Amino acid sequence: MEYLSGGKIVVVDLGTSEIVEETLEESLVEEKIGGAAITRHLAEAHADGNPIVIGTGLLTGTLYPATCGGIITAKSPVTGKLCHCPVTLKVALEIQFAGFDYIVLKGVSAKPVFLWVHDGIADISDAADVWGKDTWTTTDAWRKNMGDDLIQTMVIGKAGEEKSDCAQVCLNYWASGDRFGFGKLFGMKNLKGLAFRGMGLLEIADAEEFIELSLDMLEDLKESAFVGKQGIGDLCAAIGEQGAKEWLAPIVHRHSACYNTPYPSNTFVYIDEDPQRVTEPEQAEPGFLVTDLYGLLGFYKLNLSAKDACGLMRECARLGLDAATVAEWCAANGKQAAGDIQAALPGISSQATISGRGIFSPWCPRQPIWGAFEAAAQDGEQWWERRMAVAAVFGIHPLMAVMAPELSEADLLETATVGTGITFNQERLNGVIDYLLAD
Amino acid sequence: MAIQIDALKCIGCMACEMACGYHRDDGFALLSACIVTYRTREKKDYFGVLLKREEDLLIARPEGTEIKRIGVEEETDSSQEADASAKPMLLREACDLCKDMDLGPMCVRFCPVDAITNVE
């Protein structure tokens, strides 16, 4: 695969420590396009090793708007189904430039390890020093040990090590869309996580045309219905939880976006610092980046203060727990005081409620957000699954997929064709989506 | 013409950095960009934009813009510099305002929130 790609797949056998590099064949891209369709294909090809497959979308890391997305695909140890978790923030960007489009991790390591992926090299590294440590300490340790603060991580905490059903793979320090217990699967494999850093370059088949299409899309998005909205609070309001937006507002510090994503969906709250402060805080860890809409709403509905709720979400992220599932568990078990919840966190092992068929993560709302989607009115569930599939193939942020009808299948296909020099058409995409949505 | 950056409007998406990298390398890469989102204070949510110009470094911090002349010793002090990436800013080429691009400065064109603008 020559364009928009590092051109390589790495297959890591954690049981034997064997690492095999394979070429990403253009024929596979012609057939599956990219992202979740290829991670599923690789998961099926290596099914005997109960693999975790990590990948990027076909457009991930480019200048086409909203192309921050990556994918973790695996058989959930909780639902038993092959499913896909979105990878956002700047993590998929770093995977893309670290040299491998797809990473297959199979087997079980005899001892705690992590995979260090950098500049076209994948190394199985010892994780004994961070086993038992929380996600924050681990990310800090890897960045310090490798001497680079821009390393991006996928990491589990104690919840994953202890194989909690609601263990989550976190991204750097923050919550992810993992509702499938992939954190538990990492723990079962003695895999503390992965660290990514790369200085690669993606070549473009027709660069000028690609840039023109990307700018046209950006101009369209600047007129989109989401313009003027920002952060997790406005997302709460969009799904009918205006009260949560107002409840959170006093501690909101700033909103930020995932890579090249026009809507800043992540909201940093200052818990131990004045939220209005614009200079660099003296405290090393003054707050938390809220990336998980349903985790936030779950704690909001427990009638906690916003500070207590966000403090608990921070603790969930440190432990590598899915905050939404924890909040569900608290509601079901009558835990409503912050201190009681905090004390209970290390022992919680509860299965997430997964609505729908559980192929894509319910982390993303199952309804249009501001944008007008005709298909959603006809069959909301079918529309949502298709939008998630399209996002996961091309590397589009899932929230943008339910927010921006401008990101149409036709436009994505045209951009992918221009960028790769491979002709992709609607018939091919329909086939890929059918493949992804098949049980 | 010059580039002006409003760090408080910036959402830290890095589109400017990739756009600049494209201008330098004719592909998608970050290593050569002369404009970068500094984001190493992740746990503090303290971020802004750094631009290398011919004679100075423009550091757009949330609290305001600072200009440091290149060659002054303190600029190489990592505690003073808004550390950005594995390749130090001072080793990168200075901003040329994308003078060879019909589209104008790419960082301006690709900023989704107009935090980067052209000023005469």
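Every value quoted in this text rests on a predicted model; they were computed, and no experiment measured them.

Visitor: Can you break down the interface of chain A and chain B residue by residue, with the values?
Guide: Accessible area lost upon the coming together of the parts serves often as the stated size of an interface. Contacts between chain A and chain B engage 54 residues on the former and 40 residues on the latter. For the chain A and chain B pair, buried surface summed over both sides reaches about 3,900 Å², with 62% attributable to carbon and sulfur atoms. Its largest share of buried area at the contact with chain B, chain A owes to A:Leu63, A:Arg254 and A:Glu280, together 19% of the area lost on that side. For the interface between chain A and chain B, the tally reads six salt bridges. A salt bridge links A:Glu280 to B:Arg41, with the nearest nitrogen and oxygen atoms 3.3 Å apart. For the side of chain A that touches chain B, the secondary-structure elements that each account for two or more residues are α3 (91-98), α4 (135-146), α7 (207-221), β12 (252-256) and β13 (266-270) of chain A. Looking at the side of chain A that touches chain B, the element that brings in the most residues is α7(A), giving seven residues. Across the side of chain A that touches chain B, the residue classes break down as 28 nonpolar, 13 polar and 13 charged.

Visitor: Before we move on, could you go through the packing of helix α8 (residues 231-238) of chain A against helix α10 (residues 293-300) of chain A and cite the residues and values that matter?
Guide: Residues and elements named next belong to chain A. Look at α8 against α10: their axes get within 10 Å of each other, and the N-to-C directions meet at 75°. Taken together, α8 and α10 sit at an angle that is classed as roughly perpendicular. Judged by residue contacts, Ile232, Leu235 and Cys236 of α8 engage Leu293, Leu296 and Leu297 from α10. Its residues assigned to classes, the contact of α8 with α10 shows six nonpolar, no polar and no charged.

Visitor: Requested: an account of the nonpolar core, with residues and values cited.
Guide: Ranked by size, the top nonpolar core spans 166 residues in total, and within it A:Ile103, A:Met154, A:Phe299, A:Phe394 and B:Phe28 carry the most contacts. Leave out the neighbours within four places in its chain, and A:Ile103 touches A:Val10, A:Ile52, A:Val53, A:Ile54, A:Ile95, A:Leu115, A:Val117, A:Leu194 and A:Phe196. Counting residues in hydrophobic clusters, the runner-up holds 20 residues, among them B:Cys16, B:Cys34, B:Cys111 and B:Ile116.

Visitor: Tell me about the environment of A:Pro275, and please be specific about residues and values.
Guide: Residue and element names in this part refer to chain A. Tracing the chain through its elements places Pro275 in the loop between β13 and β14 (287-290). Judged by its relative accessible area of 13%, Pro275 falls in the buried class. Separated by 12 residues in the primary sequence, Pro275 and Gly287 place their C-alpha atoms 9.3 Å from one another. Filtering out sequence-adjacent residues up to four positions away, Pro275 remains in contact with Pro250, Ile251, Val252, His253 and Tyr270.

Cut-off values and rules
- Residues numbered from 1 in each chain as written.
- Chains lettered and ligands numbered in written order.
- Predicted model: local features only at pLDDT ≥ 70, side-chain atom pairs only at ≥ 80, totals over all residues.
- Heavy atoms only, no water.
- Contact = heavy atoms within 4.5 Å.
- Buried area = accessible area lost by both parts, 1.4 Å probe.
- Salt bridge = Lys/Arg side-chain N within 4 Å of Asp/Glu carboxyl O.
- Helix = DSSP H or I, 4+ residues; strand = E, 2+ residues; numbered from the N terminus.
- Nonpolar A, V, L, I, M, F, W, Y, C, P; charged D, E, K, R; others polar.
- Axes fitted to C-alpha atoms, helices over the stretch in contact; angles between N-to-C directions.
- Parallel < 35°, antiparallel > 145°, perpendicular 65-115°, else oblique.
- Core = buried A, V, L, I, M, F, W, Y, C linked by side-chain atoms within 4.5 Å.
- Buried < 20%, exposed > 50% of the residue type's maximum accessible area, 1.4 Å probe, protein only.

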